[in-house]
Amino acid sequence: MDLLKSIFKGDKVIWIIFLFLCLISITEVFSAASTLTYKSGDHWGPITQHSIILMVGAVIVVLMHNIPYKWFQVFPVFLLPASAILLVLVMMMERINGAARWMTFMGIQFQPSEIAKMAVIIVTAFILSKGQDEDGANPKAFKRIMIIAPENLSTAALLFGVVFLMMFIGRVSAKKLLILIGGLASVGVIAVAFLLMTKNSDIPFLHRFDTWRARIEKFTSDKEVPAAKFDIDKDAQIAHARIAVATSNVVGKGPGNSVQRDFLSQAFSDFIFAIIIEELGLVGGVVVVFLYICLLIRVGRIAKKCDRTFPA
């Protein structure tokens with residue numbers, strides 16, 4: 001017991017949330033990986049791989065948790081150059097579903113954008129902790145996000161929000177934040193107008209051009225498409241995800257009883273939440289969201305207790 005306490009030291013609530021999320025993921029990925037099972041012919045293959053990744057991830061979490069926080073300030077020295085090189089290399093690799101996001105190293109698949117996210121966040125924390133006056137408030141970290149955008153615009157957009165929130169917590173002046181918001185809004189308006197007006201998708205580094213434009217058009221369109229006229233072949237992923245949610249009811253169909261997992265090509269990854277709701281119902285979906293909200297609250301409380309800026 002003492003050994004477990006020494007290994008899993010820290011906030012017990014966070015460890016419990018981590019455990020629950022791992023258990024839910026094992027159950028639901030096992031259910032949602034039917035297409036992978038069919039293609040490989042190995043019933044246990046997908047879930048075995050997923051479980052191994054979770055165990056390796058848990059070991060990494062424990063190791064990182066036991067590293068003194070001051071050593072994290074050294075990470076950007078090698079993480080930033082490494083992530084920049086990897087992001088450039090991944091743009092030259094084979095594309096899956098129109099995007100190049102994954103790399104394989106020693107048999108392990110990973111997204112370079114994940115390394116870049118960690119590097120940018122640590123660098124931002126380092127800049128803010130070293131000076132929160134006029135010099136320290138310069139939002140240089142945003143420039144480092146732009147290299148992610150061509151291959152993973154959604155990741156870049158989310159990271160913009162994370163860095164901006166860190167700058168707000170880091171007491172960057174309201175004037176500079178407003179100037180930054182205005183500048184980003186102007187660039188965003190110009191970019192959206194350009195995407196909607198231009199029909200050329202052969203622009204260098206903008207091979208995801210058509211996807212971005214289609215998403216903007218769908219998001220801004222107020223046209224209601226009746227269920228009878230919905231093109232289930234053209235928008236199969238969206239359609240089957242909606243069917244999964246619509247047929248779930250309050251308690252769902254039960255673990256392992258999903259129907260739409262056989263029609264969603266990315267049921268085990270991009271659309272896993274639809275499968276969670278189909279099998280565990282509205283209750284299961286709310287529980288998963290609640291776990292993430294609890295995690296956010298606990299992290300916020302820990303940060304508030306920190307007497308130094310960088311770990312906070």
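The structure we're discussing is the one just above.
My aim in this report is to walk through the structure given alongside it, one point at a time.

Calculation notes
- Residues numbered from 1 in each chain as written.
- Predicted model: local features only at pLDDT ≥ 70, side-chain atom pairs only at ≥ 80, totals over all residues.
- Heavy atoms only, no water.
- Phe/Tyr/Trp six-rings, centres within 6.5 Å; stacked < 30°, edge-to-face > 60°.
- Helix = DSSP H or I, 4+ residues; strand = E, 2+ residues; numbered from the N terminus.
- Buried < 20%, exposed > 50% of the residue type's maximum accessible area, 1.4 Å probe, protein only.
- Core = buried A, V, L, I, M, F, W, Y, C linked by side-chain atoms within 4.5 Å.

Overview of the packing of aromatic side chains
The geometry of two aromatic rings is summed up by the distance between their centres and the angle between their planes.
So, point 1. Counted under the stated rule, the structure contains five aromatic pairs.
So, point 2. Ring plane angle 85° and centroid distance 5.9 Å describe the contact between tryptophan 15 and phenylalanine 18, whose orientation is recorded as edge-to-face. Taken as a pair, tryptophan 15 and phenylalanine 18 lie in helix α2 (residues 12-32) at a separation of three residues, close to a single helical turn.
So, point 3. Residue classification places tryptophan 15 among the buried residues on the basis of a relative accessible area of 15%.
So, point 4. Judged by relative accessible area, phenylalanine 18 falls into the partly exposed class, the value being 30%.

What to know about the nonpolar core
So, point 1. Core analysis: the biggest nonpolar cluster contains 18 residues, and Ile122 and Met167 have the highest contact counts within it.
So, point 2. Broken down by secondary-structure element, the contributors of at least two residues to this core are α5 (75-90), α6 (112-130), α8 (153-169) and α9 (174-197).
So, point 3. Per-element tally for this core: the top contributor is α6, with six residues.
So, point 4. Formed by 16 residues, the second largest nonpolar core is a distinct cluster that contains Ile17, Ala32, Ala274 and Cys294.

Interpretation in functional terms is not warranted from these geometric data alone.
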